[in-house]
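As a plain string of letters, each chain reads:
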Amino acid sequence: MVCATEHQIGLLGSSFFAGWVISSTYIPNYSDRRGRKNVVFVCSVLGILVSLAIVASRSLLLTCGILFVMGVLTSGSASVGYVYMLEFFTSEWQTTFGTLDSIVGTISAMLVPLYFIYISKEYRWLFGISVIMNLVAVAGFVFFLDESPLYLYSKGEKEKADEIVRKITRFNKNWSF
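These lines cover the structure that appears in this document, whether it is placed above or below. Worth saying up front: this structure is predicted, and the values here are computed from it rather than measured. (Residues numbered from 1 in each chain as written. Predicted model: local features only at pLDDT ≥ 70, side-chain atom pairs only at ≥ 80, totals over all residues. Heavy atoms only, no water.)

**Re helix H5 (residues 91-118)**
Okay, step 1: Between its first and last C-alpha atoms H5 spans 41 Å; for 28 residues at 1.5 Å apiece the expected length is 40 Å, and the two agree.
Okay, step 2: When H5 is considered as a whole, its buried residues turn out to be Phe-97, Gly-98 and Tyr-115.
Okay, step 3: Turning to H5, the residues buried within the fold contact helix H4 (60-86) and helix H6 (124-143). (Helix = DSSP H or I, 4+ residues; strand = E, 2+ residues; numbered from the N terminus. Expected span 1.5 Å × (residues − 1). Buried < 20%, exposed > 50% of the residue type's maximum accessible area, 1.4 Å probe, protein only. Contact = heavy atoms within 4.5 Å.)

Now the structure itself:
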């Protein structure tokens, strides 16, 4: 993509955000019906494959298509994931952790252009970082995280939700903020 025109580079970003915007009309709603954990888990697993595909892509059109799919998956992993994360915190901690999440996202968004300006135009290793982050997320889903208690309460699964709340309470007693 080093020889791509400014318009072609703009098309890459537009493809990603088109996927995110279009999928934002149905993926969050789907997570309300089917559960947040499942949606975030599937989007994270598929995000690994898409990140690997974009590294291998040598075609502008294919890269645009992959970025569109990546945008769709980001609606599930980032947007639904944000809500999923906050549902594990009490209301007094939601603002703190929501703000921390936004700060990390903002700093990341600021560092990427600085990398391209001052260090290199090579983008592939950034997707390697994405693969690593998604692998960590998937491991977390498999080994540590349950479905959102709030979602379970909304579906009438009170006993299962109560057990998860007790598990969270036991975990939180080991940490002091």
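**So, the packing of aromatic side chains**
Okay, step 1: In total, this model carries seven aromatic pairs according to the counting rule given.
Okay, step 2: Both rings, one in Phe-89 and one in Phe-97, keep their centres 4.2 Å apart while their planes meet at 10°; by these two values the pair is stacked.
Okay, step 3: When the centroid spacing of 6.0 Å and the interplanar angle of 50° are considered together, the rings of Trp-93 and Phe-97 count as tilted. One end of the pair is Trp-93 and the other is Phe-97, both in helix H5 and four residues apart, which spans about a single turn.
Okay, step 4: A relative accessible area of 31% means that Trp-93 is categorised as partly exposed.
Okay, step 5: Members of the aromatic cluster, connected to one another through ring pairs, are Phe-16, Phe-17 and Trp-20. (Phe/Tyr/Trp six-rings, centres within 6.5 Å; stacked < 30°, edge-to-face > 60°.)

**What to know about the nonpolar core**
Okay, step 1: Membership of the largest hydrophobic core comes to 25 residues, with the highest contact counts inside it found for Leu-67 and Met-70.
Okay, step 2: Only helix H1 (6-23), helix H3 (36-56), H4, H6, helix H7 (149-154) and helix H8 (158-173) provide two or more residues apiece to this core.
Okay, step 3: The dominant element in this core, judged by the number of residues it contributes, is H4, at eight residues.
Okay, step 4: Residue contacts for Met-70: discarding those within four places in its chain leaves Phe-16, Val-50, Ser-51 and Phe-127. (Core = buried A, V, L, I, M, F, W, Y, C linked by side-chain atoms within 4.5 Å.)

**Some words on the pattern of salt bridges**
Okay, step 1: With the rule as written, the count across this model stands at six salt bridges.
Okay, step 2: Across the pair Asp-162 and Lys-158 runs a salt bridge, and its minimum N-O distance is 2.8 Å. You can see Asp-162 and its partner Lys-158 sitting in helix H8, four residues apart, about one turn around the helix.
Okay, step 3: Of the charged contacts, one joins Glu-163 and Arg-166 as a salt bridge, the two residues approaching to 3.2 Å between their closest N and O atoms. Here Arg-166 and Glu-163 lie together in helix H8, a separation of three residues that amounts to about one turn.
Okay, step 4: Judged by its relative accessible area of 36%, Glu-163 is partly exposed.
Okay, step 5: When salt bridges with common partners are traced through the structure, they connect Asp-32, Arg-36 and Glu-87 into a single cluster. (Salt bridge = Lys/Arg side-chain N within 4 Å of Asp/Glu carboxyl O.)

By themselves these figures say nothing about function.
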